[in-house]
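What the coordinates show
Below are the chains, spelled out letter by letter.
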Amino acid sequence: MAVEQDDWDTHWRHYAGSATTNPAEAYRRDLVLRLLDLGAGRPRVLDVGSGQGDLAAAVHERHPEADVAGIELSEHGVAVAAAKVPAADFVRHDLLSGDPLPDRLHGWATHAVCSEVLEHVDEPERLLAAARECMAPGCRLVVTVPGGPRSAFDRHIGHRRHYDRAALRQVLERAGLRVERVSAAGFPFFNLYRLAVILRGEKLIDDVAAEDGGAAASGPALAVMRGFGVLFRANLGATPWGWQIVAVATVPPATPPSAPG
């Protein structure tokens, strides 16, 4: 079944289930939540490209004191996310459209996430600059993007490119963000998982479509997925070789207007 690169309603109708149970997604969520460093108080967390709401659900579960909002292009994704996390505020919006965001979100977020989004767009700096409108000065932003080679499945779901650390830093700086760190994570077992995805080739497209169409995953496939979920706990931290690229940035303070001369 072919899915157009930017048809996100079709994407989430067919891949929401497999994304929720994917051990790589769980690994990424744990990584993001550690780096968000929500701490005490009542943080306001914005998920840029919130998909079907799995990250928002994880934030709400681990930090019930936090207020959570999400911006998502897909109407179907917003509906699934809202059902999953009724306490959160999900907004359907195209950040590349130039249309205004809801007033309630302007300068709202103290913490933000943009996870596995930038590889899908041709103008990542423009998307981040638009999302910045929702972030308060000093907002802590965690960004993840895939590194390493693209698989057939990556191309199928619309990955324009994969990143290295220098390329992600450049995108963040061009979007007007202050970059605190950019690192590569996931070595060796996340890399091994990604290599298995690459080697599966186009057959993975049919595998995932069958699973989300109601077919049960085979016993060996389930065992492999569970095995990777365990192995991911032994991934090293920041290394030069990881195929998961992660950055932490902050929104600089607003520049005060110049005094009249």
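Above: the structure in question.
Values in this document were obtained by computation on a predicted structure and should not be read as measured data.

**Here we look at the sheet that holds strand S7 (residues 244-250)**
One open sheet accounts for seven strands, arranged S3-S2-S1-S4-S5-S7-S6; its pairing is mixed. A strand with exactly one partner marks an edge of an open sheet, and here the two such strands are strand S3 (89-92) and strand S6 (178-185). Here the average twist between neighbouring strands, direction ignored, is 15°. Note that strand S1 (residues 44-48) and strand S4 (residues 109-115) share three bridges and pair parallel. The residue of S4 that forms the bridge with Leu46 is Ala112.

**Some details on the pattern of salt bridges**
Proximity of charged atoms lets side chains of opposite charge pair with each other. The full count for this structure, using the stated rule, is twelve salt bridges. A salt bridge links Arg28 to Glu25; the shortest N-O distance between them is 3.3 Å. Of the two residues, Arg28 and Glu25 are both situated in helix H2 (residues 23-36); the distance of three residues between them amounts to about one turn of the helix. The class of Arg28 is buried, set by a relative accessible area of 8%.

**A look at the layout of surface pockets**
In this structure, the second largest pocket occupies an estimated 330 Å³ of space. For the lining of the second largest pocket, the elements supplying multiple residues, two or more each, are H2 and S6. Per-class residue counts for the lining of the second largest pocket are ten nonpolar, four polar and four charged.

**Comments concerning the environment of Leu199**
Along the polypeptide, Leu199 turns up in helix H8 (residues 189-200). C-alpha separation for the pair Leu199 and Ser151, spaced 48 residues apart in sequence, amounts to 8.0 Å.

**So, the nonpolar core**
Within the largest apolar cluster, 38 residues are counted, with the highest numbers of intra-cluster contacts made by Leu46, Cys114, Leu118, Leu128, Met135, Val143 and Leu168. Elements represented by at least two residues in this core include exactly S1, strand S2 (67-72), S4, helix H5 (124-131), strand S5 (135-146), helix H7 (165-174), S6 and S7. Ranked by the residues each element gives to this core, the list is headed by S5, at five residues. Those residues in contact with Cys114 that lie beyond four places of it in its chain are Val48, Leu127, Leu128, Leu141, Val142, Val143 and Thr144.

**So, the packing of aromatic side chains**
The relation between two aromatic rings is expressed through the spacing of the ring centres and the mutual angle of the planes. Tallying each qualifying case throughout the model produces three aromatic pairs. It is Arg161 that lies over the ring of Tyr163; its NZ or CZ is 4.2 Å from the centre.

**Quick notes on the pairing of S7**
Summarising burial for S7: seven of the seven residues are buried, a large majority. Side-chain alternation along S7 places Gln244, Val246, Val248 and Thr250 on one buried face and Ile245, Ala247 and Ala249 on a second face that is also buried. Looking at chain direction, S6 and S7 are connected through seven bridges and run antiparallel. Residue pairing across strands places Arg178 opposite Thr250, the latter belonging to S7.

**Quick word on the side chain of Glu72**
Locating Glu72 in the fold gives a position in strand S2. Of note is the side chain of Glu72, whose polar atom sits 2.7 Å from the backbone nitrogen of Gly51.

**Structural notes on the state of the cysteines**
What the rule picks out here adds up to zero disulfides. Free of any disulfide, Cys139 has its nearest neighbouring cysteine sulfur in Cys134, separated by 9.6 Å.

**Here's the deal with the side chain of His93**
Within the secondary structure, His93 is located in the loop between S3 and S4. From its side chain, His93 meets the backbone oxygen of Asp99 in a polar contact 3.3 Å long.

**Notes on a nonpolar patch on the surface**
On the surface, Leu192, Leu195 and Leu199 cluster together into a nonpolar patch covering about 300 Å² of accessible area. The residue Leu192 is located in helix H8 in this model. By relative accessible area, Leu192 is classed as partly exposed at 42%.

**Notes on H2**
In a regular helix each residue adds 1.5 Å, so 14 residues correspond to 20 Å; H2 covers 20 Å between its end C-alpha atoms and thus fits that length. Counting buried residues along H2, ten of its 14 residues qualify, which places the element largely inside the surrounding structure. Once H2 ends, the next one or two residues include Asp37, with phi positive near 55°.

Scoring rules and cut-offs
Residues numbered from 1 in each chain as written. Predicted model: local features only at pLDDT ≥ 70, side-chain atom pairs only at ≥ 80, totals over all residues. Heavy atoms only, no water. Pairing = 2+ DSSP bridges. Helix = DSSP H or I, 4+ residues; strand = E, 2+ residues; numbered from the N terminus. Axes fitted to C-alpha atoms, helices over the stretch in contact; angles between N-to-C directions. Salt bridge = Lys/Arg side-chain N within 4 Å of Asp/Glu carboxyl O. Buried < 20%, exposed > 50% of the residue type's maximum accessible area, 1.4 Å probe, protein only. 1 Å grid on protein atoms, 1.4 Å probe; cavity = no way out; pocket = protein on both sides within 12 Å on 5 of 7 lines; lining within 4 Å. Points joined across faces, edges and corners; volume = space filled by probe spheres on them. Nonpolar A, V, L, I, M, F, W, Y, C, P; charged D, E, K, R; others polar. Core = buried A, V, L, I, M, F, W, Y, C linked by side-chain atoms within 4.5 Å. Contact = heavy atoms within 4.5 Å. Phe/Tyr/Trp six-rings, centres within 6.5 Å; stacked < 30°, edge-to-face > 60°. Lys NZ or Arg CZ within 6 Å of the ring centre and 35° of its normal. Polar contact = N/O pair within 3.5 Å; in protein donor to acceptor, adjacent residues only side chain to side chain. Disulfide = S-S within 2.5 Å. Patch = residues over 30% accessible without salt bridge, like charges linked within 9 Å, V, L, I, M, F, W, Y side chains within 5 Å. Areas by Shrake-Rupley, 256 points an atom, 1.4 Å probe, with all protein chains shown as cover. Expected span 1.5 Å × (residues − 1).

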